[in-house]
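# Secondary and tertiary structure notes
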Amino acid sequence: MIKSLTPYASKFKKYPLYCLFFIAIEVICDVVQPIMMALIIDNGIANKDLDYIFFHGMIMVVLAIIAMIAGALGAYFAATAGTGVGAEIRQAEMKAIQNFSFSNVDRFSTSSLITRMTNDTNNIQMTLIAMLRLLVRAPLMLVFAIILAFQINQELSLIFLVATPFLGITLFFIVRTAFPRFFSLQRAIDRLNRVLQENFIGIRVVKSFVRGKEEKAKFAAENANYKKSALHAMKVIMFNMPTMQLTVYSCMIAVLWFGGNLVNTNVIGAGELLSFIAYISQILMSLMMLSFVFIMITRTKASVQRVVEVLETKSEINDDDVVIDIPVANGAITFKDVDFSYGGNSDDEILKQLNFSIESGHILGIIGPTGSGKSSLVQLIPRLYDIDDGEIYVGGKNIRQYKIKTLRDSVAMVLQKNTLFSGTIRENLMWGNEHATDEEIMQAAQYAQAHDFIMDFPDGYQTVLEQGGGNLSGGQKQRLCIARAILKQPKILILDDSTSAVDTETDGKIREAFFHHLPDTTVIIIAQRISSIAGADQIMVLNEGEINGLGTHEELLGTNAIYTDIYETQERGAEV
Ligand SMILES: Nc1ncnc2c1ncn2[C@@H]1O[C@H](COP(=O)(O)OP(=O)(O)OP(=O)(O)O)[C@@H](O)[C@H]1O
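Residues numbered from 1 in each chain as written. Predicted model: local features only at pLDDT ≥ 70, side-chain atom pairs only at ≥ 80, totals over all residues. Heavy atoms only, no water.

## Concerning the overall build of the chain
To keep it simple, the criterion reads: Secondary structure is summarised from DSSP: a helix means a run of H or I of at least four residues, a strand means a run of E of at least two, and numbering begins at the N terminus for each. Burial classification: accessible surface area is computed with a 1.4 Å probe over protein chains only, and a residue below 20% of its type maximum counts as buried, one above 50% as exposed, and the rest as partly exposed. Residue contacts are counted whenever heavy atoms from the two residues lie within 4.5 Å of one another. Per-residue accessibility takes into account occlusion by the displayed protein chains alone, with areas from the Shrake-Rupley method and a 1.4 Å probe.
A tally of helices and strands in the chain yields 20 helices and twelve strands. Residues classed as buried in the chain amount to 47% of the 576 residues present. Taking all contacts inside the chain whose residues are at least 6 apart in sequence as the whole, residues at least 24 apart take part in 77%. When the accessible surface of the chain is totalled, it reaches about 29,700 Å², and 60% of it is carbon and sulfur.

## Re empty space enclosed by the protein
How we decide: Here a cavity is any set of points on a 1 Å grid over the protein atoms alone where a 1.4 Å probe fits but cannot get out, and a pocket is any open set with protein on both sides within 12 Å along at least 5 of 7 lines; a residue lines the site when it has an atom within 4 Å of a point. Grid points are joined across faces, edges and corners, and a volume is the space filled by probe spheres set on the points. Classification used: nonpolar for Ala, Val, Leu, Ile, Met, Phe, Trp, Tyr, Cys and Pro, charged for Asp, Glu, Lys and Arg, polar for all others including Gly.
As enumerated under the stated definition, the model contains one cavity of 30 Å³ or more in all. Taken as a whole, the largest cavity spans an internal volume of roughly 30 Å³. In terms of lining residues, the largest cavity is bounded by I23, E26, G71, G74, A75, R133 and R137. Those elements giving two or more residues to the lining of the largest cavity turn out to be α2 (14-45), α3 (50-98) and α5 (110-152). Considering each element in turn, the lining of the largest cavity owes the most residues, three residues, to α3. Grouping the constituent residues of the lining of the largest cavity by class yields two nonpolar, two polar and three charged.

## Examining a nonpolar patch on the surface
This is how it is decided: Patches here are clusters of residues that have more than 30% relative accessible area and form no salt bridge, with a 9 Å joining cutoff for like charges and a 5 Å cutoff for nonpolar side chains (Val, Leu, Ile, Met, Phe, Trp, Tyr). Each salt bridge in this description consists of a side-chain nitrogen of Lys or Arg and a carboxyl oxygen of Asp or Glu lying within 4 Å of one another.
Where nonpolar side chains cluster on the molecular surface, the patch consists of F54, M58, V61, I65, M68, I69 and L73 and spans about 670 Å² of accessible area. Looking at the element boundaries, V61 is found in helix α3.

## Thoughts on the pattern of salt bridges
In this structure the tally under the stated criterion is 14 salt bridges. For R116, the salt bridge is made with E309, and the minimal N-O distance between the two is 3.0 Å. Note that R116 is positioned in helix α5 and E309 in helix α10 (residues 270-312), a separation of 193 residues in sequence. One salt bridge in this structure joins K405 and D409, with 2.8 Å as the shortest N-O distance. In this pair, K405 and D409 both sit in helix α12 (residues 404-409), four residues apart, roughly one turn of the helix. The network of salt bridges with common partners includes E26, D30 and R137.

## Re the nonpolar core
The criterion, for reference: To define a nonpolar core, start from buried Ala, Val, Leu, Ile, Met, Phe, Trp, Tyr and Cys residues and group those joined through side-chain atoms within 4.5 Å.
Formed by 57 residues in total, the largest nonpolar core has its most connected members in L5, I89, L156, V255, F276, Y279 and I280. Leaving out residues up to four positions away in the same chain, F276 has contacts with A149, I152, N153, L156, S157, F160 and V255. Formed by 45 residues, the second largest nonpolar core is a distinct cluster that contains I367, I425, C481 and I566.

## Some details on unusual backbone geometry
Even without being glycine, R383 reaches a positive phi, approximately 60 degrees. The exposure class assigned to R383 is buried, which follows from its relative accessible area of 2%. A positive phi angle is found at Q449, which is not glycine, with a value near 55 degrees. Mapped onto the fold, Q449 is located in the loop between α14 (438-447) and α15 (451-456). By relative accessible area, Q449 is classed as partly exposed at 22%.

## Things to note about the side chain of S101
Counting through the fold element by element, S101 comes out in the loop between α3 and α4 (102-108). Taking relative accessible area as the criterion, S101 reaches 3% and is therefore assigned buried. Contacts of S101, omitting those with residues within four sequence positions, involve S315, E316, I317 and L384.

## Concerning the confidence of the model for the chain
Just so we agree on the cut-off: Residue-level confidence of the predictor is summarised by pLDDT, bounded by 0 at the bottom and 100 at the top.
The predicted model of the chain has a mean per-residue pLDDT of 86, with 98% of residues at 70 or higher. Model confidence for the complex is summarised by a pTM of 0.67, with the ipTM given as 0.95.

## With respect to the UniProt feature "transmembrane region" (unreviewed entry) in the chain
Note the threshold: UniProt positions are given in the numbering used here, feature names are shortened, and annotations may be inferred rather than shown by experiment.
In the UniProt entry, the feature "transmembrane region" (unreviewed entry) is given for residues 20-41, 53-79, 134-152, 158-179, 236-257 and 277-297. Taken end to end, residues 134-152 has its terminal C-alpha atoms 26 Å apart, with 100% of it in helix and 0% in strand.

## Concerning the side chain of S372
Applicable threshold: Polar contact is the term for a pair of N or O atoms within 3.5 Å; when the atoms are in protein, one must be able to donate a hydrogen and the other to accept it, and sequence-neighboring residues count only if both atoms are side-chain atoms.
Topologically, S372 is positioned in the loop between β3 (363-367) and α11 (374-379). The exposure class assigned to S372 is buried, which follows from its relative accessible area of 2%. In terms of polar contacts, S372 uses its side chain to reach the backbone carbonyl oxygen of P369, at 2.6 Å. If we skip the residues at most four places from it in the chain, S372 touches I350, L351, L542, N543, E544 and G545.

## What to know about helix α9 (residues 240-264)
Convention followed: Here the expected length of a helix is defined as 1.5 Å per residue gap, with one fewer gap than residues.
Here α9 spans 36 Å end to end across 25 residues, near enough to the 36 Å set by a 1.5 Å rise per residue. Every buried residue of α9 is listed here: N240, T243, M244, T247, V248, C251, M252, A254, V255, G259, G260 and L262. Contacts from the buried residues of α9 go to α6 (154-201), α8 (212-237) and α10. Downstream of α9 by one or two residues, N266 has phi in the positive range, about 60 degrees.

This is the structure:
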């Protein structure tokens with residue numbers, strides 16, 4: 001698992017070496033201090049030699065200053081490496097997610113992807129920084145302190161031999177129990193983020209339905225669940241510190257007990273006993289640092305697993321087999337025996353045995369009850385989802401023969417849910433074509449019946465849109481999205497219920513514009529209103545994932561029950 005992340009560390013190879021160098025200096029300075037202290041007590045104080053005390057005291061001060069500077073530099077290089085690797089991983093996750101197919105995104109869920117890119121990656125970054133600093137410092141200090149303690153007195157040092165296995169076994173059990181609990185903790189963060197994300201994105205709906213109380217209750221439940229998961233994990237970790245302290249204080253008591261006797265019998269000096277105790281403190285510190293890092297590693301193991309899952313997920317839709325990048329010749333579309341289900345579950349087929357063709361430059365209207373599969377059908381054309389069975393042809397070639405970018409560049413979709421981004425109207429329109437001239441932008445806006453309302457704003461095309469186009473009406477947003485799609489100059493233009501918020505007259509003008517100004521573009525219009533599709537070259541009636549009728553308005557009216565029923569209902573509605 002760690003191996004999968006090593007490529008992201010390659011840029012920062014030299015920093016661990018710098019870190020090792022400075023931390024080694026810091027540790028050497030720290031472990032020499034007790035020796036100075038012992039010398040001052042056993043020689044300086046015992047002989048009342050003030051010069052000796054002052055000289056060795058100064059050495060202690062200088063050592064402390066060097067240790068401080070080296071420690072700070074070590075921490076700086078550790079932080080540079082850790083944050084650098086974190087940034088590389090985040091960038092790689094972003095790249096991987098941009099390549100995901102819709103079903104990949106469905107499988108992970110948006111909130112989980114956000115947690116993985118933020119919280120999980122942050123865990124990895126923090127652990128790397130701690131590992132670089134402490135995994136060098138703690139073992140070095142431990143080894144030096146043990147060696148120097150052994151040099152003072154070997155028998156006293158045997159006390160460590162009893163304490164170390166006890167600590168090792170305790171740590172092993174803590175780490176083993178904590179791992180699954182940390183995994184659940186990350187999942188609890190996913191769920192908390194999901195509730196927050198849904199609430200913030202849908203805040204207008206929440207307020208208009210006065211659902212604030214229910215939303216608060218939903219959040220409270222997930223928040224409580226998160227707290228429970230965090231406590232569950234912490235309960236194990238809690239044992240770490242007391243175990244360390246119990247062991248070390250027991251060691252100190254044992255050292256004072258046996259060491260006191262050695263001082264009384266003049267085997268070691270009082271200063272040596274004091275520095276022995278100082279080494280025990282350093283050994284305690286090292287063990288605490290080590291256990292802290294091990295626990296962080298345990299927590300991060302869960303995060304690494306979740307991040308690697310994102311990095312290693314290959315898009316279910318790819319064009320790896322396509323060697324030659326052939327252009328899309330025209331907007332002709334053919335579906336042959338197409339079956340489709342979300343997640344490839346054939347028991348739950350959304351579209352069944354679809355067979356139809358549209359000539360390039362023609363307009364196809366699709367109508368049908370809600371949930372009949374209209375949006376699913378059009379998403380198959382630019383390969384936003386792949387089909388289970390059958391074949392789809394665009395411009396006379398199977399869509400699998402095109403590079404995905406080429407195919408998607410030739411198809412523009414205006415989705416049911418319009419998304420605009422913060423920035424000016426002009427910037428939003430240029431998503432369709434980043435090289436578009438002012439004339440082209442204006443022309444696309446005119447075709448989409450957006451130019452007039454844009455010019456009514458004091459800043460015209462430079463009007464700044466709020467996040468998600470919050471300062472526009474629903475119909476205005478829809479028209480901007482249509483203009484953005486037209487600007488792409490696609491071979492196929494798909495409008496998925498995208499004029500629902502536009503009045504009938506403007507809707508008619510938009511269709512007129514397609515008819516007169518985009519004669520070579522194949523247009524697919526999904527609509528609820530018969531009037532939006534009545535003039536189409538062909539109309540498809542979709543019902544429960546199957547083609548129930550296909551023909552012109554005149555052919556379907558009177559012969560297709562569903563179409564006639566929708567028509568009559570809407571006519572009656574219009575009369576009332
Ligand atoms: N991402 C998805 N994952 C799983 N099932 C989905 C997904 N999107 C849609 N569905 C299911 O597929 C079926 C067809 O949905 P689709 O959106 O294609 O219908 P539609 O005819 O466009 O409906 P509407 O007119 O209400 O927009 C529905 O049963 C829906 O629950």
